[in-house]
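Given next are the chains, with one letter for each unit.
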Amino acid sequence: KYDEYTVSFTAEEDTVKPVLSLESVGGKLQITAKDETEIDYVTYQWEGGEEAKIERTEEDKTMIKQSIDVEKGTKKITLKAVDKSGNTHTVVQTIIGSNGPTINVKLSNGNFIVKVTDEFGITKIEYTHNEEQKTVDNIPDGAKEFEFKVPLKEGPNYLKINAYENGIMTEYKCKKTK
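Since we're looking at a predicted model, the values are computed, not measured. (Residues numbered from 1 in each chain as written. Predicted model: local features only at pLDDT ≥ 70, side-chain atom pairs only at ≥ 80, totals over all residues. Heavy atoms only, no water.)

*Asks:* Give a detailed account of the packing of aromatic side chains, specifying residues and quantitative values.
*Replies:* The tally for this structure, following the rule as stated, stands at two aromatic pairs. The structure contains a cluster of three or more aromatic residues connected by ring pairs, namely Tyr 127, Phe 146 and Phe 148. Over the face of the ring belonging to Tyr 41 we find Lys 53, whose NZ or CZ atom lies 4.2 Å from the ring centre. A cation over an aromatic ring shows up here: Lys 124 above the ring of Tyr 164, its NZ or CZ 5.1 Å from the ring centre. (Phe/Tyr/Trp six-rings, centres within 6.5 Å; stacked < 30°, edge-to-face > 60°. Lys NZ or Arg CZ within 6 Å of the ring centre and 35° of its normal.)

Pasting the structure below:
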């Protein structure tokens with residue numbers, strides 16, 4: 001004779017909330033939501049704006065990754081990640097939105113006159129004149145405007161300028177012949 005046993009298995013309940021992160025990538029805001037089992041969706045809402053929903057599109061059921069445009073100025077954004085079990089994680093963060101530096105170049109007395117402006121402050125300027133690369137290293141901390149000269153050389157002059165405001169870069173290219 002055998003003893004009779006009843007064995008039952010229950011699925012473990014998912015009580016772990018998703019992980020939500022924000023990163024500034026190339027002037028956009030990259031939202032990443034991860035969950036150890038299955039992520040469902042993410043919502044985001046700029047201060048004073050409509051709520052937007054990001055559905056999972058990747059085949060990876062545990063992650064949503066999406067880049068969104070950053071609104072200009074200083075605004076709060078509210079993000080909420082929801083997993084398939086209904087667990088939520090909400091993050092509210094203040095974001096400073098910028099288009100990056102503006103570069104203007106004009107010719108005057110045999111020089112390129114380069115003027116870089118940025119409402120949040122210029123952090124770095126690099127340029128290449130023909131094949132010669134240089135970094136402008138006398139920019140005052142927090143400068144919102146900076147002007148410098150690049151003397152024209154005989155023949156064709158190729159000028160490429162990269163101006164930075166923290167991680168946001170603006171590029172400008174031009175050619176003039178002396």
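Continuing now.
*Asks:* Any details on unusual backbone geometry? Residues and values, ideally.
*Replies:* With the exception of glycine, the majority of residues adopt a negative phi angle, and the majority of peptide bonds are in the trans configuration. Of note, the phi angle at Asn 109 is positive, near 50°, even though the residue is not glycine. With respect to the helices, strands and loops of the structure, Asn 109 is situated in the loop between strand E8 (102-108) and strand E9 (111-117). (Helix = DSSP H or I, 4+ residues; strand = E, 2+ residues; numbered from the N terminus.)

*Asks:* Can you break down the sheet that holds E9 residue by residue, with the values?
*Replies:* Strand order in this open sheet of three strands is E8-E9-E12, and the pairing throughout is antiparallel. What marks the edges here is a single partner per strand, and that holds for E8 and strand E12 (145-151). Sheet twist, expressed as the mean angle between neighbouring strand axes with direction ignored, is 20°. Pairing between E9 and E12: seven bridges, direction antiparallel. Directly across from Phe 112, in E12, lies its bridge partner Val 150. (Pairing = 2+ DSSP bridges. Axes fitted to C-alpha atoms, helices over the stretch in contact; angles between N-to-C directions.)

*Asks:* If you had to explain the sheet that holds strand E3 (residues 39-46) to someone new, which residues and values would you point to?
*Replies:* Backbone-to-backbone hydrogen bonds pair the strands of a sheet. The strands run either parallel or antiparallel. Overall, antiparallel pairing links the four strands, which are arranged E4-E3-E6-E7 in an open sheet. Each end of this open sheet is capped by a strand with a single partner; those strands are strand E4 (51-55) and strand E7 (88-97). Strand-to-strand twist of the sheet, defined as the mean angle between neighbouring strand axes without regard to direction, takes the value 20°. Alignment of E3 against strand E6 (residues 73-83), held across seven bridges, turns out to be antiparallel. Directly across from Tyr 44, in E6, lies its bridge partner Leu 79.

*Asks:* So what's going on with the nonpolar core? Residues and values would help.
*Replies:* Formed by 18 residues in total, the largest nonpolar core has its most connected members in Val 114, Ile 125, Phe 148 and Leu 159. Excluding residues that lie within four positions of it along the chain, Phe 148 makes contacts with Phe 112, Ile 113, Val 114, Ile 125, Tyr 127 and Val 136. Counting 16 residues, the second-largest nonpolar core is a separate cluster that includes Ile 31, Ile 64, Ile 68 and Ile 77. (Core = buried A, V, L, I, M, F, W, Y, C linked by side-chain atoms within 4.5 Å. Buried < 20%, exposed > 50% of the residue type's maximum accessible area, 1.4 Å probe, protein only. Contact = heavy atoms within 4.5 Å.)

*Asks:* Could you give an account of the pattern of salt bridges, naming the residues involved and the relevant values?
*Replies:* Counted under the stated rule, the structure contains ten salt bridges. Here Glu 132 makes a salt bridge to Lys 153, at a shortest N to O gap of 3.1 Å. One end of the pair, Glu 132, is in strand E11 (residues 132-136); the other, Lys 153, is in the loop between E12 and strand E13 (156-165), and 21 residues separate them in sequence. Put simply, Glu 132, Lys 134 and Lys 153 are held in one network by salt bridges that share partners. (Salt bridge = Lys/Arg side-chain N within 4 Å of Asp/Glu carboxyl O.)

*Asks:* Any chance you could break down the environment of Asp 60 for me, citing the residues and the numbers?
*Replies:* Secondary-structure assignment places Asp 60 in the loop between E4 and strand E5 (63-69). With 93 residues separating them in the primary sequence, Asp 60 and Lys 153 have C-alpha atoms 55 Å apart. Of note is the side chain of Asp 60, whose polar atom sits 2.6 Å from the side chain of Thr 62. (Polar contact = N/O pair within 3.5 Å; in protein donor to acceptor, adjacent residues only side chain to side chain.)

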